[in-house]
Amino acid sequence: MTIGDGPQRCILHADLDAFYASVEQMDRPELKGKPVLVGGPPEKRGVVAACSYEARAFGIHSAMPMRTAVARCPRAIVVPPRFDRYRELSRQVMDIFKSLTNLVEPLSLDEAFLDVTGAVASSGAAPVHLARELKSTVTTKVGLTISVGVAASKSVAKIASDMDKPDGLVVVDPGQEGAFLAPLPIRKLSGIGPKTEERLRRHGIATLGDLASRSDDWLTREFGKRGPELAALSRGQDARSVAVHRAAKSISAEITFPQDISDPHELGLQLDRLCQRVAARLQHSPTPGRTVTLKLRLADFSTFTRSATPGVPPRDALALGRVAHGLLEREVESGRRFRLLGVGVSGFVEQRQPPLFDL
Amino acid sequence: MKLSCLQENLSKGLGIVSRAVATRTTLPITTNVLLATDQGRLKLVATNLEIAIVTWVGAKIEEEGAITVPSRVLGEFVNSLPNDQVDLKLAPATKSLEIKCARFEARISGMDAEDFPPIPEIDEGTVARIDAGVFSQSLTRVVFAAATEDSRPVLTGVNADFDGKMVTLAAADGFRLSVDKVALLEPVAESVSVIIPARALTEVNRLIGDSSDPVVITVNPAKSQVLFTMDNVRLISQLVQGNFPNYSQLIPQGHSTRTLVDAEEFLRATRAASIFARDASGIVRLQVDPGDNGLGRLTISARAEEVGDDQGDIDAKVEGEEAKIAFNAKYLSDILSVLAKGEVVLETTNPSSPGLIRPGGDTDYVHVVMPMFVQW
Amino acid sequence: MWKIIGHERVVEALRRSVEQGRVSHANLFTGPPMIGKATLAMNLAQALNCLGEERPCGECVQCRRIRESKHADVQVIRLGPGLDEDDDSHKAILTEQIEGLQQAAALQPFEGRAKVFIIEAAELMSAAAANRLLKTLEEPPATVYMVLLADDQRRLLPTVTSRCRVYELRPVPLETIETALTRDHAVDAPEARRLARLAEGRPGWALAAARDAAVLEDREEDLNEIVELVSQSDHQRLAVAARMANRFGRRRAEVGQWLGLLLQWWRDLLLVKGGRPEMAVNADRLETLEETAAELSLQAIADALRRVEEAADHLERNVNPRLALEVLMLHLPVAGQRQAALAPAG
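Just so it is clear, the structure is predicted and the values come from calculations on it, not from any experiment.

A.B. asks: How should I be thinking about the overall build of chain A in this particular structure?
C.D. replies: Along the backbone of chain A there are 14 helices and twelve strands. Residues counted as buried form 37% of the 359 residues belonging to chain A. Relative to all contacts within chain A whose residues are 6 or more apart in sequence, the contacts with residues 24 or more apart total 62%.

A.B. asks: Looking at this model, I keep getting lost on the environment of Val78(B). Mind explaining?
C.D. replies: Residues and elements named next belong to chain B. Relative to the helices and strands, Val-78 is located in helix H2 (residues 71-79). Between the C-alpha atoms of Val-78 and Gln-7, which are 71 residues apart in sequence, the distance is 6.8 Å. Those residues in contact with Val-78, other than ones at most four positions away along the chain, are Gln-7, Leu-10, Ser-11 and Leu-14.

A.B. asks: In this structure, what is going on with the interface of chain A and chain B? I would like to understand it.
C.D. replies: Think of interface size as the accessible area that goes away when the parts come together; that is how it is often given. Between chain A and chain B, the residue contacts involve ten residues of the former and 18 residues of the latter. For the side of chain A that touches chain B, the residue count by class is six nonpolar, two polar and two charged.

A.B. asks: Would you explain the packing of helix H1 (residues 7-18) of chain B against H2(B) in this entry?
C.D. replies: In helix packing, the relevant descriptors are the interaxial angle and the interaxial distance, both defined with respect to the helix axes. Residues and elements named next belong to chain B. Relative orientation of the contacting elements H1 and H2 amounts to 145°, with a least axis distance of 9 Å. Along this stretch, H1 crosses H2, giving a crossing that reads as left-handed. Between H1, through Gln-7, Leu-10, Ser-11, Leu-14 and Ser-18, and H2, the contact on the second element is made entirely by Ser-71, Leu-74, Gly-75, Val-78 and Asn-79. Of the residues in the contact of H1 with H2, the class split is four nonpolar, six polar and no charged.

A.B. asks: Can you help me understand the interface of chain C and chain B in this one?
C.D. replies: With 17 residues of chain C in contact, the opposing surface of chain B contributes 17 residues. For the side of chain C that touches chain B, the element with the highest residue contribution is helix H4 (residues 95-105) of chain C, accounting for five residues. Partitioned by chemical class, the residues of the side of chain C that touches chain B number eight nonpolar, six polar and three charged.

A.B. asks: Teacher, can you tell me more about the packing of helix H12 (residues 252-273) of chain C against helix H13 (residues 286-295) of chain C here?
C.D. replies: Residue and element names in this part refer to chain C. Two elements in contact, H12 and H13, have axes whose closest approach is 9 Å; the angle formed by their N-to-C orientations is 75°. Judged by the inter-axis angle, H12 sits roughly perpendicular to H13. Between H12, through Asp-268, Leu-269, Val-272 and Lys-273, and H13, the contact on the second element is made entirely by Leu-289, Glu-290, Thr-292 and Ala-293. Here the residues of the contact of H12 with H13 are counted per class, giving four nonpolar, one polar and three charged.

A.B. asks: Can you walk me through the confidence of the model for chain A in this structure?
C.D. replies: Do not read the predicted coordinates in detail wherever pLDDT is low. Residue and element names in this part refer to chain A. The predicted model of chain A averages 86 in pLDDT, with 95% of residues at 70 or higher. The spread of mean pLDDT over the elements of chain A runs between helix H5 (residues 117-123), the lowest at 80, and strand S7 (residues 146-151), the highest at 95. For residues 1-6, every residue scores under 50 in pLDDT, and the model assigns this stretch seven contacts once sequence neighbours within four places are set aside.

A.B. asks: Honestly, helix H15 (residues 321-331) of chain C in this entry has me stumped. Any pointers?
C.D. replies: Residues that lie three or four places apart on an α-helix share one face, since the helix turns once every 3.6 residues. Of all the positions in H15(C), only Pro321(C), Ala324(C), Leu325(C), Glu326(C), Leu328(C) and Met329(C) are classed as buried. The inward-facing, buried residues of H15(C) contact helix H11 (234-250) and helix H14 (298-316) of chain C.

A.B. asks: How do you make sense of the sheet that holds strand S9 (residues 250-261) of chain A when you look at a structure like this?
C.D. replies: Strand pairing in a sheet takes place through backbone hydrogen bonds and is either antiparallel or parallel in direction. Residue and element names in this part refer to chain A. With respect to topology, four strands assemble into an open sheet ordered S9-S12-S10-S11, the strand pairing being antiparallel. Bordering the open sheet on either side are S9 and strand S11 (303-308), each of which pairs with just one other strand. Strand after strand, the sheet turns through a mean of 15° between neighbouring axes, direction not considered. Judged from the six bridges that link them, strand S10 (residues 289-298) and S11 form a sheet pairing that is antiparallel. Within S11, the position partnered with Arg-297 by the bridge is Thr-303. Across the face of the sheet, helix H13 (residues 264-282) comes into contact with S9 and strand S12 (338-348) while running at roughly 30° to S12. Strands S10, S11 and S12 of the sheet are contacted by helix H14 (residues 317-329), whose axis makes an angle of about 40° with S10.

A.B. asks: Looking at this model, I keep getting lost on the nonpolar core. Mind explaining?
C.D. replies: A general tendency of soluble globular proteins is for nonpolar side chains to be buried together. By size, the foremost hydrophobic cluster in this structure holds 213 residues, and its most contacted members are Leu320(A), Val33(B), Ile53(B), Val158(B), Val284(B), Val147(C) and Leu149(C). With residues near it in sequence (within four places) discarded, Val158(B) still touches Val142(B), Val143(B), Ala146(B), Leu169(B), Ala170(B), Ala171(B), Ile196(B), Ala198(B) and Leu201(B). One finds Val23(A), Ile60(A), Leu89(A) and Val93(A) within the second-largest nonpolar core, a separate group that totals 52 residues.

Thresholds, definitions, all that
Residues numbered from 1 in each chain as written. Chains lettered and ligands numbered in written order. Predicted model: local features only at pLDDT ≥ 70, side-chain atom pairs only at ≥ 80, totals over all residues. Helix = DSSP H or I, 4+ residues; strand = E, 2+ residues; numbered from the N terminus. Buried ≥ 20, exposed ≤ 12 C-beta atoms within 10 Å, placed from the backbone. Contact = placed C-beta atoms within 7 Å. Nonpolar A, V, L, I, M, F, W, Y, C, P; charged D, E, K, R; others polar. Axes fitted to C-alpha atoms, helices over the stretch in contact; angles between N-to-C directions. Left-handed = near helix turned anticlockwise from the far one by under 90°. Parallel < 35°, antiparallel > 145°, perpendicular 65-115°, else oblique. pLDDT = per-residue confidence, 0-100. Pairing = 2+ DSSP bridges. Core = buried A, V, L, I, M, F, W, Y, C linked by C-beta atoms within 7 Å.

Structure (structure tokens):
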């Protein structure tokens, strides 16, 4: 994979700093400067959805059980998430991004790629100036800070935005990608999770520089097709373009049972768990999905799906469960054994009717 | 119980109370109608435990008494009778009601009147009187905005706020909000705020009909029930439990564009656009062109891929800058339908902020609706 | 006065929470069939609405209307009547019933102070219905009290149980049932003793048997058949399995009762074999118990007991009922007499 011909691309990765927690601190000034944890309460086995920088100082990070987080910092203030407020502000921020370029690819509520190649060419401004202006517009108009990475490719821009958080700005000039990436630990590359990291480390690969220096042949032998792809990214080679319509096609989860299940009660429990997993991801989606699909595989390996489109798109595990259980109910019969159960939400549409208020 | 009355009156009375008869119930007796002698008249009562309707029929009473019989059987039978004198007699031993009219005779098995749910007697509480026409118009403008599904029960009700000599009615379903403030005939003794099921108010509106007698509204001291007293009819409704959302903050306090158009023209153009909007997530687009000297234009359009598109222009008096906003076709035609005649004002701020629609002229009615997000 | 036999501790806890106005809005009463769950729920509904001094007084118009199932604010949700009244196969408490409940729960009480919704056999709620109910359990309106009744807490979704205050009803001591029968229900002493023993801690069963002779007759009939099983051929046993499987399709609860009886019988055999005949429930058949026990090994009896429990568990878990019952029937041991009788022929 190499960078194609044509003008030098200029890509921004913009990331709202500790988004949910910052929103809470903005809306409730008494929380400013304090460790704030956004998420379900510890007594209900909540997890940290986001935490303020003050809380991060205690070693707290998102996805940590709330109980653990509170144990680490007993004076932390736990606030329930208000996803509708986050979506509203996210929309405002994305609108500001869109005023700079049409090529905006939102990754989630709090981050997006912007292809500003055109804006740089037409205005003659240096990319760093565009980025600085973008940062100040977001801060004055919305009241939140963003960190921005500027580079010629998406993956480098994303790593750059993470280098100087919060309120950071890091520019990687074209041609400098290799030098910029080389000293960084391999985990910085999105696509390298804990398992891949462990495997790479066993081969003595600890930094992106180590990875970049390996031959494609060796990487293919050890890691298959993904090996050379990761290595290309570690050299700063990433030709992927900013995709405007990147709304998720579907969010789903499934489980294959170690033993076939026919007990409707047990199936119901499994479905509940799947719904909770899907709902957790659903909440970060900027638009709701309208279609709920249940996937079933029977003991004889026959696989089929059942779908429903409820009047109100499901937003939480309760609403999703209502629809999914309704679908499952019709499929459970005496003696019918299930190997696999899956639940998914699709039909994410850009155009939508947002609520006037939520109860 | 033994009495006689006119078929026409009995049939009309049964028709009125039948609106409150339970259709699906855990208490079988609520599918019955209660007949009882009451101070020289025949009282008819039905309840589905959400609302109860009571009405009276002129009758000649020979023997006092009460019984409940299946509402549908009695209603259909009485409807089939000629307009003549109807004799009703209770056979206490068999608990059956004997009906005689002209050369017809029937017996309907009943259940004890004592087993009928006790209809609340609301003789004290907060009393408000309101002009029938004023109340009816207000109900028409507000009730339709209430939620119909039950997942958020408070939204299936209409919030009624009695304060001084005004009552404020508000209904919202999460996407839109209707608020009206109208005058009472005299001030209430103390202010009270309750949530009345929208279904009950729809029935009240129906019962008001063309009547011009003031409607008397009584909220009981426990604030659990409300009584509407109309001409010869009473409707009692259970109130909804819970807190109504604080809606005042949802009403936009300013606007950047104010567009004044003819309500009928606006509705016609909206209905035309709805035909195309059906296949386009219901999206109807409004574009306001201020024109010169405020003599501008409102363009109502819709487009559905693979089906086609339409566009309608109407004259508009515009204050402020040009504007564009998209609404759900159903929400837009719902509100324009209840405004029906005269001028209508549309106030907007930007394509993603709630729009406000109100009738032209001096009124406290406002309708707020959330726009749809679209690519322009 | 709480009118219920036994369960003093649970009653005391509920009585105190009524007195202090701290009754949980979501309650779950668990325990075997006919142990007193519905009676307790009815008492609680009365206590919450009672106009008397000592709640429930049982005398006031509220208590009376609730007892007669005429109260507008006390609703019992149970399996909906199907097209065929005798057929309760594939039946569940459905979403639409829960939706009806929620619609009613949103409104203020009609004639009482509290709206009480009693869900019988809550384990038979469809998962969709249970899911629907969660919101009401979590945020019930101020005047609404939910009482779920279930034989076994484990058959309910944990998301439901975790939202409820759970009251477990345990078997009532034999003496308590016996005293209640003689003192309050005019049953003569020997009969009271016998019914109390057969009830195995379930006052509801004892009362039903005292009121209706058919209850005991049906039991005797079923038991006769169960006693015979050990000396029957595979062919005969399979016929029993087929008949029960068929019944299970239509009237699930009856098969549950039958399995309970089967379990009781084999437990009695174990007690007799183990030298504790005085503890046997079916004391009136001690002779038969002793004869049968003499022909079986302790291990065979223990195995049989485990098989019965397994079959009951399988039926709960939706295993094909005919298969589960056939497996059970073929695995019950054969008593000596039949072996002897069969030996020359085979």
